[in-house]
Amino acid sequence: MLRVVSNNQQVVLGTNASAAKANERPMMPVRFNYDYSIGRHEVTCGEFNALMASTTGALLQCVSENMPATSLTYYDAVLYANARSKAENFDTVYTYVRSIFDAERHCTNLEGFAFHPERDGYRLPTEAEWMFAAAQDWDVDLSWNASNSGYVPHEVCSATAEEDGFCDMIGNAMEWVNDWLGDFRDTTLSDYVGAPDGGALGQRIVKGGSYRTDVAGLNIFSRGDIYTVTSSTMADYVGFRLAFGKIPNATWMNSSGNAIKSRMLPLASSSTIHSLTGSFSTKLVFRNDQTGNIAFIDYSNGQLSVTEIADTIDAYHPDISPDGKKIAFCTGLEGVPGKSSLYVRDLNADGSNLVKLEVESAAIPRWRVLGNGDTVIVFVTDAGNNADDAAFKAASTWQVKFANGMFGIPEKLFDGAYHGGVSSDNLFAVTGARLLRANVAGQDMIWYNREQACNASLAKDGSNRILFLDFGGASGQAFVGENYGTHARLLVADNTGLLTYSVAAPAGFTFDHSEWASDGNLAVATLTNVNGAHEKIVLVNLSDGSIVDLVEGDELWHPALWVQHGNVVENVLLNPDSAGIYMNVTDDVTAVILRYKMELLWTYRDWANVVVLGSSRPLSGLIPGKMHEPYKMLNLSNVPNMMVVTDYLASNYVFTHVKNLKYLVVSLDVDLWHKSDNGEYNFFNTDYKKYPGYVYDENHDFWKDGYPEGLAEMTSYSLGMEYYHDNFLSTLGYNYAEPGGWEEYPAVENDSAWMETQSENFYVALSHLQNILKIAENRNVCVIGIVFPQSPNYRNTGSFGRYGIRRSEAPSLMKEIQDLQAEYPHFVFWDENKMGNHDYTDSMASNKDHLSYLGAEVMTARLNMLLDSLEGTVLP
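This structure is a prediction, so every number in the text was calculated from the model and none was measured.

Definitions and limits used
- Residues numbered from 1 in each chain as written.
- Predicted model: local features only at pLDDT ≥ 70, side-chain atom pairs only at ≥ 80, totals over all residues.
- Heavy atoms only, no water.
- Salt bridge = Lys/Arg side-chain N within 4 Å of Asp/Glu carboxyl O.
- Helix = DSSP H or I, 4+ residues; strand = E, 2+ residues; numbered from the N terminus.
- Axes fitted to C-alpha atoms, helices over the stretch in contact; angles between N-to-C directions.
- Parallel < 35°, antiparallel > 145°, perpendicular 65-115°, else oblique.
- Left-handed = near helix turned anticlockwise from the far one by under 90°.
- Contact = heavy atoms within 4.5 Å.
- Nonpolar A, V, L, I, M, F, W, Y, C, P; charged D, E, K, R; others polar.
- Pairing = 2+ DSSP bridges.
- 1 Å grid on protein atoms, 1.4 Å probe; cavity = no way out; pocket = protein on both sides within 12 Å on 5 of 7 lines; lining within 4 Å.
- Points joined across faces, edges and corners; volume = space filled by probe spheres on them.
- Buried < 20%, exposed > 50% of the residue type's maximum accessible area, 1.4 Å probe, protein only.
- Phe/Tyr/Trp six-rings, centres within 6.5 Å; stacked < 30°, edge-to-face > 60°.

### Some words on the pattern of salt bridges
The tally for this structure, following the rule as stated, stands at 37 salt bridges. The partner of Glu871 in a salt bridge is Lys662, with the nearest N and O atoms 3.0 Å apart. Note that Glu871 is positioned in the segment after helix H16 (853-870) and Lys662 in the loop between helix H9 (643-657) and strand E45 (663-667), a separation of 209 residues in sequence. Arg806 is the partner of Glu809 in a salt bridge, and the nearest nitrogen-oxygen pair spans 3.7 Å. Connected through salt bridges with shared partners, the residues Arg617, Asp669, Asp671, Glu743, Glu749, Arg802, Lys848 and Asp849 form a single ionic network.

### A word on the packing of helix H13 (residues 755-779) against helix H14 (residues 810-818)
When two helices pack together, their arrangement is captured by the angle between the axes and the distance separating the axes. Relative orientation of the contacting elements H13 and H14 amounts to 20°, with a least axis distance of 11 Å. What the angle tells us is that H13 and H14 run roughly parallel. Considering how the two elements wind past one another, H13 and H14 form a crossing that is right-handed. Of the residues in H14, those touching H13 at Met755, Phe762, Tyr763, Leu766 and Leu769 are Leu813, Glu816 and Ile817. Residue composition of the contact of H13 with H14, grouped by class: seven nonpolar, no polar and one charged.

### Details of the sheet that holds strand E46 (residues 782-787)
Taken in spatial order, the five strands line up as E44-E43-E45-E46-E49 in an open sheet, and their pairing is parallel. Each edge of the open sheet carries a strand with a single partner, namely strand E44 (633-635) and strand E49 (827-831). Between one strand and the next, the sheet's axes are offset by a mean angle of 20°, whatever the strand orientation. Sheet topology places E46 next to E49; five bridges connect them, and they run parallel. For Gly785, the partnering residue across the bridge sits in E49 and is Phe829. On top of the sheet, H14 reaches E46 and E49; it is set at about 155° to E49, its chief contact.

### Topic: empty space enclosed by the protein
Per the counting criterion, the structure on display carries seven cavities of 30 Å³ or more. Taken as a whole, the largest cavity spans an internal volume of roughly 360 Å³. Mapped by element, the contributors of at least two residues to the lining of the largest cavity are helix H2 (74-87), strand E7 (107-111), strand E8 (114-115), strand E10 (174-180) and strand E17 (265-266). Residue composition of the lining of the largest cavity, by class: 17 nonpolar, eight polar and five charged. By volume, the second largest cavity is sized at about 190 Å³. Residue lining of the second largest cavity: 18 residues in total, with His317, Pro318, Arg366, Glu515 and Pro559 positioned closest to the centre. Those elements giving two or more residues to the lining of the second largest cavity turn out to be strand E21 (316-320), strand E25 (363-369), strand E34 (453-458), strand E38 (510-516) and strand E42 (556-563).

### Looking at unusual backbone geometry
Residue Pro26 follows Arg25 across a cis peptide bond; omega there is -5°. Tracing the sequence through the fold places Pro26 in the loop between strand E2 (10-13) and strand E3 (28-31). Cis geometry marks the peptide bond from Glu629 to Pro630, where omega comes out at 10°. On the secondary structure map, Pro630 appears in the loop between helix H8 (616-619) and E44. We note that Asn780 has phi near 60°; this positive angle belongs to a residue other than glycine. Topologically, Asn780 is positioned in the loop between H13 and E46. We classify Asn780 as partly exposed; its relative accessible area is 35%.

### What to know about the sheet that holds strand E24 (residues 355-356)
Read from one edge to the other, the open sheet built from four strands follows the order E21-E22-E23-E24, with strand pairing classed as antiparallel. Looking at which strands have only one partner, the edges of the open sheet turn out to be E21 and E24. As paired elements, E21 and strand E22 (residues 326-330) share three bridges and run antiparallel to each other. Bridging across to E22, Tyr316 finds its partner in Cys330.

### Comments concerning the packing of aromatic side chains
Counted according to the given criterion, the structure contains 45 aromatic pairs. Aromatic pair Tyr736 and Tyr853: ring centres 5.0 Å apart, planes at 20°, arrangement stacked. Of this pair, Tyr736 sits in the loop between helix H12 (722-728) and H13 while Tyr853 sits in helix H16, and the two are 117 residues apart along the sequence. A residue is classified by how much of its surface remains accessible, and Tyr736, at 44% relative accessible area, is partly exposed.

Following this line, the structure appears as structure tokens:
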């Protein structure tokens with residue numbers, strides 16, 4: 001470890017270069033108010049194995065013990081940091097609730113993961129720390145990169161003769177840093193530690209380039225890799241180095257560009273919530289009392305984050321609509337008399353479509369659905385103390401219909417402010433703001449022996465049970481058989497007011513803001529520490545008394561949990577724990593993209609007659625929505641892809657289940673055909689076995705005897721990720737890409753002479769194409785193989801494209817593919833690259849080997865014309 005004297009110093013993150021990625025712009029200065037230590041070199045394979053073999057059981061394959069430790073996840077790296085802290089008797093900087101490992105003992109998820117910058121221990125460097133250290137001696141000539149590495153890693157510190165100073169911050173192994181990926185702003189921050197979470201994609205930052213990176217791509221401001229990087233991403237060119245030391249006054253910057261000193265952290269994963277609720281369609285909403293804003297977590301996402309709806313309205317008591325799409329909230333607080341306004345808005349990051357109920361006062365909104373199907377909101381005119389009879393009865397309880405984004409005309413239900421809930425037949429209502437009061441068939445009653453009670457909530461399952469808190473009253477103590485303090489227990493009473501159940505708060509905490517979940521025996525509440533801070537929201541199982549932490553922060557109030565069980569598919573024989581489950585929590589982009597492609601396949605299997613399979617090139621290069629009649633296209637391309645993946649999907653799924661299939665479009669990414677079928681690009685080598693859906697399909701011979709009813713619906717209701725849901729389902733699988741240009745000096749990211757040593761991989765890929773062509777001939781399906789355009793500036797290199805091959809070799813290899821047309825009459829070879837001599841302009845490119853939406857429109861139009869020309873020729 002080398003000491004870095006950074007106190008009162010500054011580093012500039014990002015760049016103002018217009019050609020840089022959007023998340024690398026603009027320049028953002030960061031000041032340090034502390035010093036830190038950082039490793040001279042990357043953690044070596046030998047160092048990693050020596051410590052982790054006896055802790056997590058992870059064991060890397062080492063060519064040499066002095067090689068950088070690679071092929072590990074972000075979580076592997078932070079577990080190593082924790083293990084080193086423990087070994088040297090320091091505090092651990094990272095905490096978590098539960099760890100999940102794959103078959104090779106790589107950590108793929110740390111549930112409830114939290115970084116504690118105030119702790120003195122080993123950790124990953126922040127991006128700012130990494131850049132400050134790297135900037136001391138940034139010299140690409142002293143690095144292992146694509147020009148000199150032979151496309152293999154080298155022992156640490158072997159690229160420089162320096163005896164002191166940092167090694168390999170440029171090249172060799174790309175390096176994990178500590179931060180979540182967030183955008184930069186034109187501002188100056190102190191002690192910046194990144195974004196508070198990874199946003200919709202859960203993205204992380206990697207720095208420094210690798211032995212595969214072209215010299216032109218080695219920029220100190222670069223923050224990513226070829227594909228999206230998440231905490232579970234693993235690559236043989238990504239490693240890490242350690243930092244040490246606390247960051248006393250850490251600053252995060254949220255998606256709104258606001259500097260914050262604390263975060264709200266999800267502590268339970270989507271899979272944990274599913275195990276408790278039986279549904280991934282679950283949402284938690286609550287008030288961030290530090291800002292007065294509403295925040296929420298959507299557990300249908302595999303990558304969880306807390307989304308805060310920024311506003312100037314001080315919002316209390318949020319409740320989620322029956323369809324899970326809107327929230328109602330008010331400006332009044334339970335137990336505090338006075339005027340209150342009631343609002344409804346969309347439950348999304350923007351809080352769009354805000355509407356206000358125009359009445360004198362409305363507080364504590366609660367949604368319900370009436371017998372006639374109308375959705376209404378119950379509210380009270382005043383939420384103050386109900387101990388005084390006259391004041392209580394001066395207030396009243398109302399309901400108002402809400403439909404099509406508008407309020408109807410409010411109607412009065414009865415006198416008295418029964419804000420704890422009203423039964424569906426209006427014959428039972430409760431409130432608790434000093435006294436536990438009930439309205440039973442129009443009669444006002446005071447229960448619980450008139451002892452003090454609050455936070456009353458009526459069960460939503462029709463049982464009319466009441467959840468509430470007390471102040472250590474005699475009735476509660478007699479029921480549980482022991483003394484306890486204020487809010488130390490959750491209490492449940494039946495519809496006559498008799499206590500039936502109680503749950504004790506965890507040691508060191510008391511309950512507050514208790515609410516039934518939208519169904520079943522589950523409730524949510526806040527936990528208050530000894531200082532009175534509401535630092536956690538928990539889920540309480542009132543069947544067995546178990547408590548699960550949901551989210552942690554500084555002041556979290558008024559939780560409400562919505563659970564939808566309408567996603568249960570009736571009358572199907574499929575296993576709900578396996579069918580349609582094609583991704584896991586916090587998966588990287590490979591599994592997530594395929595999950596949505598499988599949903600598209602099952603949903604549109606009887607509609608489509610054109611299917612696209614292949615890599616990221618057709619993913620952003622062909623637009624289903626631009627196909628004209630009679631062509632109905634699904635873009636099922638995935639990332640990363642090889643011919644073996646295309647073969648697997650075509651043979652097992654597409655040919656079998658797309659009944660009207662007429663054209664199969666496949667990308668011929670010949671520069672990628674150096675990859676082995678046993679490598680990381682082949683998802684269906686071993687990775688697929690981690691996902692119950694694929695194994696279930698395989699065990700049932702991919703349903704070749706017939707599509708099982710309900711599989712599309714079960715896939716739709718399974719775990720997903722909002723970003724990809726929104727992007728892929730509406731576009732039928734197309735990925736929109738903005739223009740970025742072909743790049744004047746495109747990098748060659750692999751040894752272009754790979755045919756000398758890896759020619760067998762080329763011919764294995766060719767055999768997969770031939771297998772597809774054989775099946776297509778038998779099924780009377782036309783296969784169109786497209787060579788997608790790449791930067792014409794590769795003509796100035798010795799390479800055909802981004803990953804090789806030699807330009808001198810390419811024409812003969814392409815001819816081998818083209819010649820397959822003689823053997824397979826249903827095969828059409830379509831070369832849109834033309835050795836770089838194509839007519840796709842700079843604005844039609846997203847980068848050196850992908851089309852922008854402008855180029856995709858051109859290619860899709862040409863595909864339409866090609867298919868028109870083939871009608872009645874290649875196919876009858």
